[in-house]
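One-letter residues, chain by chain:
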Amino acid sequence: MKILHLIIVLAIIFILACMPLASADESAAGNQGWYVIHCNVYGADIYFDDKYVGRFQAGTMTVPASITGTPYKTIRVQRYGYITYTSSLTLVPGTDQTVDLNVTLDPISSITPTQTPVGSDTGRYVVHSNIEGATVLFDGVNMGIISGGNLTVPVYSTGTIYQSYTVQKDGYTTYSGEIGSVPQKGETIDLYSSLNPVAAVLTTPAGAGGAVGWFVVHSNIDGASVSLDNDPMGVIMNGNLLIPVSANGTPYKTFTVYKSGYIPFTSTIDTHPAQNRTVDLYATLNPQTATTPKSMLPPGVSVLALLSGGIAAAVLSRR
């Protein structure tokens, strides 16, 4: 009977060790309200104060709002092919309350020209950047914000002729470039920009005549660092990094993409970008292989199992 009792006690100890412990940090969900977003376009990206909060799906989307923290001030909703929606948040939800936000996105093709003769043709500029949330200006006029690595700006071939574009965001160097031509009906003109953190400004020699081209480094890991011939150039964002280089300068020979926890990728550069041209470079990072085997049971359970087995073996050996 003693042996049976001992086995029962050990079994109870083992079962208790396997049971999850209740979290000591559990607390009531007080001091919180919610924004409930209604939108007519599925797949639109939603930002509160330039902070990405999620992608709108069918039905509604609920975003928690802290009552005691700093309230959100603005909402931005955008998707490729639609005019970006921005608005101020004038209402703040109280505790356990909701505030409904109704968002309507209009297709870019539905824009009605205000200073363009009837029958004018529509083209598009697509501004590319490595920094999400950067503001795009044409001749000082705000055209929208970079989302998903680019911003589409519809224009009319008979309308205003823009001369320059600027891409800027707090904490980053401002990029300015010239707009060389006007897109005709159905035509798309790509404009490229690359912003670097202010603390890590890189100086690229302009070369003869200031001719500039770009490397576009593509990678599967955001946050990975990129170097050209061991010179740091920036960080992968949204799958790529745009690097301006002198079209007439000394060609780079190698590029490296690396991030902690991944095997560094290094390859040769065979082509140097010409003026106003891009050269695509591709890097795939693979996780470093873990060397420490993982136990099938949690540490506490494993120890108890060993002790239980040892005690039971000892008792049975005495019989």
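> What is the right way to read the confidence of the model for the chain from this model?
A low pLDDT means the predicted coordinates there should not be read in detail. Per-residue pLDDT for the chain averages 77, and the proportion of residues at 70 or more is 73%. Confidence drops under pLDDT 50 across residues 20-29; counting only partners more than four residues distant or on other chains, this segment forms one contact. The model gives residues 110-120 a pLDDT under 50, and that stretch makes 12 contacts with residues more than four places away or in other chains.

> Looking at this structure, I do not really get the sheet that holds strand S7 (residues 98-103). What am I missing?
Strand order in the open sheet formed by three strands is S4-S1-S7, with mixed pairing between adjacent strands. Two strands lie at the open edges of the sheet, namely strand S4 (60-66) and S7, each paired on one side alone. Put simply, the sheet's adjacent strands are angled 25° from each other on average, direction ignored. With six bridges joining them, strand S1 (residues 32-39) and S7 adopt parallel strand pairing. Each bridged residue has a counterpart across the sheet, and for Val 36 the counterpart in S7 is Asp 100.

> Is there a simple way to think about the nonpolar core in this case?
It is characteristic of soluble globular proteins that their nonpolar side chains tend to be buried jointly. Within the largest apolar cluster, 23 residues are counted, with the highest numbers of intra-cluster contacts made by Tyr 125, Phe 138 and Leu 191. Residues within four places of Leu 191 in sequence aside, it is in contact with Tyr 125, Val 126, Val 127, His 128, Phe 138, Tyr 165 and Ile 179. Ranked by size, the runner-up nonpolar core spans 19 residues in total, among them Val 217, Ile 236, Phe 255 and Ile 269.

> Could you clarify how one ought to interpret the pattern of salt bridges in this entry?
Any two side chains of opposite charge can pair if their charged atoms end up close together. Inspection of the entire model under this criterion finds two salt bridges. For Arg 55, the salt bridge goes to Asp 45, with nearest N and O atoms at 2.8 Å. Placement of Arg 55 in strand S3 (residues 51-55) and of Asp 45 in strand S2 (residues 45-48) is noted, with a sequence separation of 10 residues between them. A salt bridge links Arg 76 to Asp 50, with the shortest nitrogen-to-oxygen separation between them at 2.6 Å. Here Arg 76, found in strand S5 (residues 74-78), pairs with Asp 50, found in the loop between S2 and S3; they are 26 residues apart in sequence, far enough to count as distant. Residue class for Arg 76 comes out buried when judged on its relative accessible area of 4%. Judged by relative accessible area, which is 46%, Asp 50 ranks as partly exposed.

> Looking at this model, I keep getting lost on the pairing of strand S18 (residues 240-246). Mind explaining?
Along a regular strand, successive side chains alternate from one face of the sheet to the other. Along S18, five of the seven residues are buried, which leaves the element largely enclosed by surrounding structure. Sheet analysis places strand S15 (residues 212-219) next to S18, joined by seven bridges and oriented antiparallel. The residue of S18 that forms the bridge with His 218 is Asn 240.

> Sorry if this is basic, but what is going on with the sheet that holds strand S9 (residues 135-138) here?
Strands belonging to one sheet form pairs held by backbone hydrogen bonds; the direction of such a pair is parallel or antiparallel. Spatially, S10-S9-S12-S13 is the arrangement adopted by the four strands of the open sheet, whose pairing is antiparallel. The open sheet has two edge strands, strand S10 (141-145) and strand S13 (175-178), and neither has a second partner. Taken pair by pair, the neighbouring strands of this sheet meet at an average axis angle of 20°, ignoring direction. Inspection of the sheet shows S9 paired to S10 by four bridges, in the antiparallel sense. Residue pairing in the sheet places Phe 138 in a bridge with Val 141 of S10.

> Whenever I open this one, the packing of aromatic side chains confuses me. Can you help?
With the rule as written, the count across this model stands at 10 aromatic pairs. Ring geometry for Phe 138 against Tyr 162: centres 5.3 Å apart, planes inclined by 65°, an arrangement best described as edge-to-face. Here the residue Phe 138 occupies a position in strand S9, and Tyr 162 occupies one in the loop between strand S11 (150-156) and strand S12 (164-168), the gap between them amounting to 24 residues. Taken as a pair, Phe 138 and Tyr 162 share a single burial class, namely buried. Taken together through their ring pairs, the aromatic side chains of Tyr 35, Phe 48 and Tyr 72 make up a single cluster. Across from the ring centre of Tyr 47, 4.1 Å away, lies the NZ or CZ of Arg 76, which sits over that ring.

Conventions we followed
Residues numbered from 1 in each chain as written. Predicted model: local features only at pLDDT ≥ 70, side-chain atom pairs only at ≥ 80, totals over all residues. Heavy atoms only, no water. pLDDT = per-residue confidence, 0-100. Contact = heavy atoms within 4.5 Å. Pairing = 2+ DSSP bridges. Helix = DSSP H or I, 4+ residues; strand = E, 2+ residues; numbered from the N terminus. Axes fitted to C-alpha atoms, helices over the stretch in contact; angles between N-to-C directions. Core = buried A, V, L, I, M, F, W, Y, C linked by side-chain atoms within 4.5 Å. Buried < 20%, exposed > 50% of the residue type's maximum accessible area, 1.4 Å probe, protein only. Salt bridge = Lys/Arg side-chain N within 4 Å of Asp/Glu carboxyl O. Phe/Tyr/Trp six-rings, centres within 6.5 Å; stacked < 30°, edge-to-face > 60°. Lys NZ or Arg CZ within 6 Å of the ring centre and 35° of its normal.

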